[in-house]
Amino acid sequence: MAEKVLTVDNLKINFHTDSGEVQAIGDVSFDLAKGETLAIVGESGSGKSVTTRSIMGLLAKNAQVDHGQITFKGQNILDLSEKQLQDLRGSEIAMIFQDPMTSLDPTMKIGQQIAEPLIKHQKLSKQAALEQALEMMKAVGIPNAEAHLNDYPHQFSGGMRQRIVIAIALIDHPEILIADEPTTALDVTIQAQILNLIKNIQQASASSVIFITHDLGVVAGVADRVAVMYAGQIVEIGTVDEIFYFPQHPYTWGLLNSMPTVETRTGVLESIPGTPPDLLNPPVGDAFTARNKYALAIDEQRQPPYFQLSPTHFAATWLLDDRAPEVTPPMEIQRRWQRYIKKHPEALEQRAQAKEVSTTLALTGKEDM
Amino acid sequence: MFKYVMKRLGIIVFTLILIISATFFLMKLMPGSPLANAERLSGDQQRLIEAQYGLDKPLLVQYWNYLVNALHLDFGTSFQFQGQPVSTLIAQRIGPSAQLGIQAIVFGVIAGIGLGAAAAVRRNTKTDTALSILAVLGISVPSFVVAALLQYYIGLKLDWLPIAGWEGFAYTILPTIALGLQPLAISARFIRTEMVEVMGSDYIELARAKGLSRSEIVWKHALRNSLIPLVTLIGPMAVNLMTGSIVIEQIFTIPGIGSQFVNSILTNDYPVIMGTTIVYSMMLMVVLLITDVVYGLIDPRIRLAD
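Quick caveat, the model's predicted, so the values are computed rather than measured.

**Observations concerning the overall build of chain A**
Part 1 of the argument: Assigned secondary structure in chain A consists of 13 helices and 13 strands.
Part 2 of the argument: Radius of gyration (C-alpha) of chain A: 21 Å, near the 21 Å computed for a compact globule of 369 residues.
Part 3 of the argument: The dimensions of chain A, computed from C-alpha atoms along their principal axes, are 65 × 45 × 40 Å.
Part 4 of the argument: Per-residue burial over chain A gives 55% buried out of 369 residues.
Part 5 of the argument: A sequence separation of at least 24 residues applies to 67% of the contacts in chain A between residues at least 6 apart.
Part 6 of the argument: Summed over all atoms, the accessible surface of chain A reaches about 15900 Å², with 52% contributed by carbon and sulfur.
Part 7 of the argument: Within chain A, one finds 31 positive and 45 negative side-chain charges whose respective centroids are separated by 4 Å.

This is the structure:
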């Protein structure tokens, strides 16, 4: 396995609110290899943004890390002082934000906004930083960059502004780039351009990317691995092929089933019934039970552990237990499985032999302690 | 920009004519006569004096004469001070008033921005609550009350600063504070609200993600964005200061234009009333024009096109 740049171990974060403790994420573990793109997929409130905010040390004040650690370059990010975090942010870990229309300071020239992290972290003079900013503007595809160095954000379109946001994130060559739904606010043609841009830049710079999205269509094009989050937990994680063509968790089935493809013939848009659980009073057992028509009796009592299918593929569902009855996934998922099995004849065998593993071992490849 | 300013200056001249007209007729509706001891003068004497000042002519003719003279920058001579041209009278007294007004607004707005920003950054702490209470007090307590308190405690009891008069910078401090307290409170409250909102915006989060420290974020990003709406308030605040200064000038016996304005109204000194009104209106309109230009300087999105 390639060198790991980031490891998240058993992270659990609560939010104190007036109505009580909200368990935003519970026991999330994953790692990130050098040069890899990990997509975190999930619906609103599933904890994907909280996870990445904690990596940046940008959690809201009422957030409390219950336990867990985030290891970056041998140090636990959660233990760092605000000053140390400032040195990290924008320099070694950078972030692309969701809405380019509101992410740029409307009163500052864009050249200066792009140059700011360099002035802060590399202690460059304004002039030298602006020169690099100009190069970066060219690299992210802003046409005629020289003429726009002193322009203000309102003089740019949404797509161009997102390129500027990307330039800000990349200017100090971060090792980890967190892209928080970077294409959600853009229209489809611009989305494709921005996705390509992120992909190209990543390949050129060999930085690792955590790509947060709720759009599975976007994931297929950019990610190496996919983590599916639900109610503050990773319910399934695997390579893009494994998640898209050999999904195991009923929630992943639901997500894939609700995504229309060119083969969709029925004219009916599938959806997952119900709403995500209330994280103020999280349900006992598997959080997805109430919406899961494949739920077993044990789902209501015990949270399923991770079952390992392949060195990279893990899913937290009792359906993989030896004692579970054989269920038939939705038609669309069956079609996907068939395609996968044709390429990977051993897949069904692996599924049958899927073993229960502990969280830490499963998701970070570390020996459990 | 130049074209815009020129256009605005044109509008100012037009507005002034409207103000002159309205004031002129309102002034003539006031009871009383400019003659200080009218009851002791015979009818003939009164008519003679009125003829000398052109007060015997029909109202519309007086109005027209005044307007034509005013457009030639001739504002007549005072009734009260024999033979003193209005322009000289005002010129002698505008200095202290303008100085006081400018000092008060600069002090009020800058201190207000500082306190408001401090409150916003320390939101929901004791500092914030204390500053909010101060701001409410500053807005609700009239400036003449503050003036009296300052005179009593700082002037009389502590003997730190002169109580009244106008003989140097030390004399300007107490009136400046008294007059500047209201703009201070208003801007502090305004900046706090605005800054709390700005601090929650996406571009501040991006600034944090860049690794900037809190003070860098406040100075480089939050403050400027919070200032934009405050600029709108400075116009109306300037009005408050000018009217407020009339009272403050009386309390601190400052030889400003305010006391003269009140005097001229009490004695029906028509030319001085008109002249002072014109000066006040001019100052106001210039402040508003400056406000609009500053707006564009702070916020590039509304930078004025040529």
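Having seen the structure, we can now continue with the description.
**A word on the nonpolar core**
Part 1 of the argument: The biggest cluster of nonpolar side chains holds 118 residues, and the ones touching the most others in it are A:Leu6, A:Phe30, A:Ile55 and A:Ile210.
Part 2 of the argument: Tallying contributions element by element places helix α6 (residues 158-170) of chain A first for this core, with 7 residues.
Part 3 of the argument: Formed by 39 residues, the second largest nonpolar core is a distinct cluster that contains B:Ala104, B:Ala120, B:Leu227 and B:Ile298.

**A few points about the sheet that holds strand β8 (residues 208-213) of chain A**
All names here are of chain A.
Part 1 of the argument: Spatially, 9 strands are ordered β6-β7-β8-β3-β9-β10-β12-β11-β13 in an open sheet, and the strand pairing comes out mixed. Each having just a single partner strand, β6 (93-96) and β13 (355-357) make up the two edges of the open sheet.
Part 2 of the argument: Each of β6 and β7 (176-180) touches α6; the most contacted strand, β6, lies at about 175 degrees to it.

**Side note on the confidence of the model for chain B**
Residues and elements named next belong to chain B.
Part 1 of the argument: The pLDDT averaged across chain B works out to 86; a share of 97% of its residues lies at or above 70.
Part 2 of the argument: Per-element mean pLDDT across chain B ranges from 81 in helix α2 (residues 43-52) up to 93 in helix α8 (residues 202-209).
Part 3 of the argument: Reported for the predicted complex are a pTM of 0.81 and an ipTM of 0.85.

**Considerations on the interface of chain A and chain B**
Part 1 of the argument: Each partner contributes to the interface: chain A provides 26 residues, whereas chain B provides 21 residues.
Part 2 of the argument: Roughly 2100 Å² of surface becomes buried between chain A and chain B when both sides are summed, with 55% attributable to carbon and sulfur atoms.
Part 3 of the argument: For the pair chain A and chain B, the interface holds 3 salt bridges.
Part 4 of the argument: When the shortest N-O distance is used, the salt bridge between B:Glu205 and A:Arg53 registers 2.9 Å.
Part 5 of the argument: On the surface where chain A and chain B come into contact, there are 13 residue pairs in polar contact (both at pLDDT 80 or more).
Part 6 of the argument: Among the secondary structure elements, those contributing two or more residues to the side of chain A that touches chain B are α1 (48-56), β6, α3 (110-121) and α6 of chain A.
Part 7 of the argument: It is α3(A) that contributes the most residues to the side of chain A that touches chain B, 5 residues altogether.
Part 8 of the argument: Classifying every residue of the side of chain A that touches chain B by side-chain character gives 12 nonpolar, 8 polar and 6 charged.

**Re the packing of helix α1 (residues 2-29) of chain B against helix α3 (residues 59-71) of chain B**
Residues and elements named next belong to chain B.
Part 1 of the argument: Packing of α1 against α3 brings their axes to within 11 Å, and their N-to-C directions diverge by 140 degrees. What the angle tells us is that α1 and α3 run oblique. Relative to α3, α1 is oriented so that their crossing is right-handed. From α1, Ile17, Ile20, Ser21, Phe24, Phe25 and Lys28 reach across to α3, where they touch Leu59, Leu60, Gln62, Tyr63, Tyr66, Leu67, Ala70 and Leu71.
Part 2 of the argument: The residue makeup of the contact of α1 with α3, split by class, is 11 nonpolar, 2 polar and 1 charged.

**Topic: the UniProt feature "transmembrane region" (unreviewed entry) in chain B**
Residue and element names in this part refer to chain B.
Part 1 of the argument: In the UniProt entry, the feature "transmembrane region" (unreviewed entry) is given for residues 100-121, 133-154, 169-191, 227-252 and 272-298.
Part 2 of the argument: Summarising residues 169-191: 100% helix, 0% strand, and an end-to-end C-alpha distance of 29 Å.
Part 3 of the argument: Helix makes up 100% of residues 272-298 and strand 0%, and the two end C-alpha atoms of the span are 39 Å apart.

**Here we look at helix α7 (residues 169-199) of chain B**
Part 1 of the argument: Over its 31 residues, α7(B) runs only 39 Å from end to end, short of the ideal 45 Å by more than 12%, given 1.5 Å per residue.
Part 2 of the argument: At B:Gly180, α7(B) shows its maximal bend, which comes to roughly 40 degrees, and the proline B:Pro183 appears one to four places after that position.

**Comments concerning the domain arrangement of chain B**
Residue and element names in this part refer to chain B.
Part 1 of the argument: Taken domain by domain, chain B holds domain 1 (32-72) and domain 2 (90-303).
Part 2 of the argument: On a C-alpha basis, the centroid separation for the pair domain 1 and domain 2 is 41 Å.
Part 3 of the argument: Contacts between the two partners involve 5 residues from domain 1 and, on the opposite side, 7 residues from domain 2.
Part 4 of the argument: For the pairing of domain 1 and domain 2, the buried interface totals around 400 Å² over both sides, and the portion due to carbon and sulfur atoms is 63%.

Basis of the calculations
- In every chain, residue numbers begin from 1 and rise along the written sequence.
- Each chain gets a letter, beginning with A, and each ligand a number, beginning with 1, in the order they are written.
- It should be noted that, the model being predicted, local features are given only for residues of pLDDT at least 70 and side-chain atom pairs only at 80 or more, the latter also being counted only at that level, while totals for whole chains, interfaces and linings use all residues.
- Excluded from the side-chain calculations are hydrogens and water; all other atoms, namely the structure's heavy atoms, are used.
- Secondary structure elements follow DSSP: runs of H or I no shorter than four residues count as helices, runs of E no shorter than two count as strands, and numbering proceeds from the N terminus.
- C-alpha atoms define the radius of gyration in this analysis, and the globule rule sets the expected value at 2.2 Å times the number of residues to the power 0.38.
- Residue burial is assigned from relative accessible area. The probe radius is 1.4 Å, only protein chains are included, and a residue is buried under 20% of its type maximum, exposed over 50%, and partly exposed in between.
- In this description, contact between two residues means that some pair of their heavy atoms is separated by no more than 4.5 Å.
- Accessible surface is estimated by sampling points in the Shrake-Rupley manner with a 1.4 Å probe; for residues, cover comes only from the protein chains shown.
- Residues counted as positive are Lys and Arg, residues counted as negative are Asp and Glu, and His and the chain ends are not counted.
- Here the site of a charge means atom NZ of a Lys, CZ of an Arg, CG of an Asp or CD of a Glu.
- Side-chain atoms within 4.5 Å link the members of a nonpolar core, which is a set of buried Ala, Val, Leu, Ile, Met, Phe, Trp, Tyr and Cys residues.
- Being paired, for any two strands, means DSSP has found at least two bridges between them.
- Angular values range over 0 to 180 degrees, each being the angle between N-to-C directions of two axes fitted as lines to C-alpha atoms, with helices fitted over their stretch in contact.
- Confidence scores labelled pLDDT are given residue by residue by the predictor and lie between 0 and 100.
- Buried area is a sum: the accessible area each of two parts loses on coming together, probed at 1.4 Å, counted once for each and added.
- Criterion for a salt bridge: a side-chain nitrogen of Lys or Arg within 4 Å of a carboxyl oxygen of Asp or Glu.
- Whenever a nitrogen or oxygen atom comes within 3.5 Å of another N or O atom, the pair is scored as a polar contact, on the condition that within protein one atom can donate a hydrogen and the other can accept it, and that pairs from neighbouring residues in sequence are kept only if both atoms are in side chains.
- Polar here means any residue outside two lists: the nonpolar Ala, Val, Leu, Ile, Met, Phe, Trp, Tyr, Cys and Pro, and the charged Asp, Glu, Lys and Arg; Gly therefore counts as polar.
- Here is the rule for angles: anything less than 35 degrees is roughly parallel, anything more than 145 is roughly antiparallel, 65 through 115 is roughly perpendicular, and the remaining ranges are oblique.
- Less than a right angle of anticlockwise turn of the near helix away from the far helix marks a crossing as left-handed, whereas a clockwise turn marks it as right-handed.
- UniProt positions are given in the numbering used here, feature names are shortened, and annotations may be inferred rather than shown by experiment.
- Helix span, as expected, comes to 1.5 Å for every residue beyond the first.
- Bend angle per residue: angle between axes fitted to the 7 residues ending at that residue and the 7 residues starting there.
- Start and end points for every domain follow an automatic or database-based domain assignment.

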